[in-house]
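If you want the building blocks of each chain, they are given just below.
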Amino acid sequence: MNLYALFEARFSTDSTTILLTGEDGRSLSVGELVDATARYAAFLQSLGVQPGDRVAVQVEKSVEAVLLYLACLRAGAVYLPLNTAYRESEIAYFLSDATPKVVVHSPNDTEWLAPIAASLNVRHRYSMPAAPLSDSQNVVEGRSDWDQNARKCSPMTGFVHREDDDLACILYTSGTTGRSKGAMLTHKNLSSNAETLHRTWGFTESDVLLHCLPLFHVHGLFVALNTILLNGGKMIFHRRFDASSAISAMKRATVFMGVPTYYTRLLADPNFDAKCCEHMRLFVSGSAPLLPETFAAFKQRTGHTILERYGMTETGMITSNPLHGERRGGTVGFALAGVEVRVAHDDGSIAKPGDIGHIQLKGPNVLAGYWQMPEKTAEEFTSDGFFNTGDMGTFSADGYLSIVGRSKDLVISGGYNVYPKEIELMLDKIDGVAESAVIGIPHSDFGEAVAAVLVPKPHATLEEAQIISTLKKQLANFKVPKRVFVVQELPRNAMGKVQKNVLRHQYADTFAPK
Ligand code: MLC
Ligand code: AMP
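Residues numbered from 1 in each chain as written. Chains lettered and ligands numbered in written order. Predicted model: local features only at pLDDT ≥ 70, side-chain atom pairs only at ≥ 80, totals over all residues. Heavy atoms only, no water.

A. Representation of the site of ligand 1 in the model. Residues in contact with ligand 1 amount to 23 residues; listed here are only the nearest, Tyr 262, Arg 265, Ser 287, Arg 309 and Ser 413. Between ligand 1 and Ser 287, the relevant distance is 2.6 Å, taken from an oxygen atom to a side-chain nitrogen or oxygen of the residue. Breaking the shell around ligand 1 down by element, the ones donating at least two residues are α8 (218-229), α10 (260-267) and β13 (307-312). It is α10 that contributes the most residues to the shell around ligand 1, 3 residues altogether. For the shell around ligand 1, the class distribution of residues is 9 nonpolar, 9 polar and 5 charged. (Near = heavy atom within 4 Å. Polar contact = N/O pair within 3.5 Å; in protein donor to acceptor, adjacent residues only side chain to side chain. Helix = DSSP H or I, 4+ residues; strand = E, 2+ residues; numbered from the N terminus. Nonpolar A, V, L, I, M, F, W, Y, C, P; charged D, E, K, R; others polar.)

Here it is, written out as structure tokens:
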């Protein structure tokens, strides 16, 4: 079943029903969504986009971005969202690997993105500013060349038929080798997960989601957007997370989803209290560990118990604390319905409750594979077909899963994943750098912050500011180390492997309040 059709079937039959309300009060009705996605989809077809062709999209969060996502599903194209923070070399890699037929980007990036797209023979390139939809004064000049062109098309009727195993999206995820992999997600992967979350979290007709997350990763796009679209689609739509705007909007919302940084920022606002949350029924956290102190402080301040869940790009959501029953801080709850989760030792034997091991899973939510990387795909699965998450965990005797670490070398900063290897490869190319180690260290806002430890070549001098500014030109800003330390040698174990745990310990207080 085409995921778009599943959403449309859940929309109100009254086409004037408002789905989405922006922070400025502008709105999108069912009729407008259905018409605009039909025109966008028809425009994709007129560009020669066939089912299975990739459409790469690097745009600011906007209503039009939602429409484009839905139009890709409707036309049977494969939606490939890209973080707006990605820079030239990152985008060049994604476009060359995924070979999209169309790229849609922010007009601010035309200067550097247009030559890359041209050199890689991307057939069609359009810009899309974060222009609001129903802004009548701004209809012509505010609209993107994408939107202006697409709206001239006669709307398509219906949708392109898709089978369960057909691709809906490709999401790139950096790898421990430093090379990003495109996780191929099917219509079934996405629909099964959204249906499960919809049921598990008890959505009803009266729910309104406060949507503040970015739209280019699993959390904002699938967990938040897909789930609410399956519920008829009522949401308050913020372009980015800002604590005070979110607090004001909670008066009209019932559900909020965020990364732990959103919760620490809400708590840092002295105006945030139980009264602000009177209309809310559910707060969901994920993408990074929620600290026990945040969980406890939130409960004390608001009376609400945050529901923590666990997932990843390759699998969508895997486990969740219960809607009814104990939501246990420091755990990510139980396996979702239809998902089999186990903790296994290095030798593959299943760990007993209380023992720590590798978190593995099987289910309709698990990716179809990595784009054009069959060997990588094979590496991530066990011989009996379980996907290896790279997270280490343990089950309690009563079935709650806790994540206790990662076997993959990964830093999660403000909910974004940063793979040290990718940064280390860039650092090692900088003049004067003999070797590097990138680590995550505790940070009160981002949870973990990226830091780099460098060894200079003989007689070379390395300047922190210089290193940071060099990396800023090449890497998405959230990956750029917040601090760079220069040392004469890196700690190593007997095998010669850099002991990152020693470095993490050594620099642990870097961001501690003075
Ligand atoms: C921004 N900056 C970050 C950062 N976000 N640095 C480290 N980590 C981050 N996450 C830096 C910028 O580079 C900039 O630095 C400075 O902070 C201010 O940038 P900003 O854009 O104004 O920041 P802000 O809007 O406050 O954004 C912070 C944030 C945002 C936490 C609101 O990062 C965010 O929305 N994170 C959510 C990520 C998310 O959706 N993750 C889900 C992945 S899916 P400088 O030096 O340039 O000034 C997933 C699966 C699952 O993990 O289970 O859900
Ligand atoms: P991504 O590849 O961006 O999808 O990130 C997935 C990773 O985020 C997982 O493998 C976990 O390491 C981490 N993650 C997601 N949710 C949680 C959570 N609730 N607690 C701890 N880590 C989490």
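So much for the structure itself; the text now carries on.
B. The arrangement of the sheet that holds strand β20 (residues 401-406) in detail. Here 4 strands make up an open sheet; going across it, the order is β16-β17-β19-β20 and the pairing antiparallel. Where the open sheet ends on each side, the last strands, each with one partner, are β16 (340-344) and β20. Along the sheet, successive strands turn relative to each other by an average axial angle of 45°, direction set aside. In the sheet, strand β17 (residues 357-362) pairs with strand β19 (residues 387-395) via 4 bridges, with the strands oriented antiparallel. Across the sheet, residue Leu 361 finds its bridge partner in β19, namely Phe 387. (Pairing = 2+ DSSP bridges. Axes fitted to C-alpha atoms, helices over the stretch in contact; angles between N-to-C directions.)

C. A look at the pairing of strand β12 (residues 282-285). Neither face of β12 is left uncovered, since the one carrying Leu 282 and Val 284 and the one carrying Phe 283 and Ser 285 both have all their residues buried. With 4 bridges joining them, strand β11 (residues 255-258) and β12 adopt parallel strand pairing. Residue pairing in the sheet places Val 255 in a bridge with Leu 282 of β12. Handedness of the β-α-β unit built from β11, α10 and β12 comes out right-handed. Sheet analysis places β12 next to β13, joined by 2 bridges and oriented parallel. From the neighbouring strand, Ser 285 faces β13, where its bridge partner is Glu 308. (Buried < 20%, exposed > 50% of the residue type's maximum accessible area, 1.4 Å probe, protein only. Right-handed = clockwise from strand over helix to strand, strands pointing away.)

D. Spotlight on the site of ligand 2. In the neighbourhood of ligand 2, 16 residues make up the surrounding shell, with Arg 309, Thr 313, Asp 391, Lys 408 and Asn 417 lying closest. Between ligand 2 and Arg 309, the relevant distance is 2.7 Å, taken from a nitrogen atom to a main-chain nitrogen or oxygen of the residue. Within the complex, the protein chains bury 92% of what would otherwise be the 500 Å² of accessible surface of ligand 2. Ranked by residue count, the leading element in the shell around ligand 2 is β13, at 5 residues. (Areas by Shrake-Rupley, 256 points an atom, 1.4 Å probe, with all protein chains shown as cover.)

E. Seen up close, the sheet that holds β13. Spatial strand order, β2-β1-β10-β9-β11-β12-β13-β14-β15: 9 strands in an open sheet with mixed pairing. A strand with exactly one partner marks an edge of an open sheet, and here the two such strands are β2 (27-29) and β15 (334-335). As paired strands, strand β1 (residues 18-22) and strand β10 (residues 235-237) are joined by 3 bridges and run parallel to one another. Directly across from Thr 21, in β10, lies its bridge partner Ile 236. Contacts from α8 reach β9 (209-211), β10, β11, β13 and β14 (316-320) within the one sheet, and its direction differs from that of β9 by about 150°. (Contact = heavy atoms within 4.5 Å.)

F. Quick peek at the state of the cysteines. Tallied over the full model, the rule gives 0 disulfides. Note on Cys 169: no disulfide assigned, nearest cysteine sulfur contributed by Cys 72 at a separation of 8.2 Å. A residue is classified by how much of its surface remains accessible, and Cys 169, at 0% relative accessible area, is buried. Left unpaired, Cys 276 is separated from the closest cysteine sulfur, that of Cys 277, by 5.8 Å. The exposure class assigned to Cys 276 is buried, which follows from its relative accessible area of 14%. (Disulfide = S-S within 2.5 Å.)

G. Quick look at helix α7 (residues 187-200). Between the first and last C-alpha of α7 there are 20 Å, a value that for 14 residues agrees with the 20 Å anticipated at 1.5 Å per step. For α7, the tally of buried residues reaches 11 of 14 residues, placing the bulk of the element in the interior. Residues of α7 that are buried include every one of His 187, Asn 189, Leu 190, Ser 191, Ser 192, Asn 193, Ala 194, Glu 195, Thr 196, Leu 197 and His 198, and no others. Looking at the buried side of α7, the elements it contacts are α1 (3-10), α3 (63-75), β7 (167-173), β8 (181-186), α8 and β14. (Expected span 1.5 Å × (residues − 1).)

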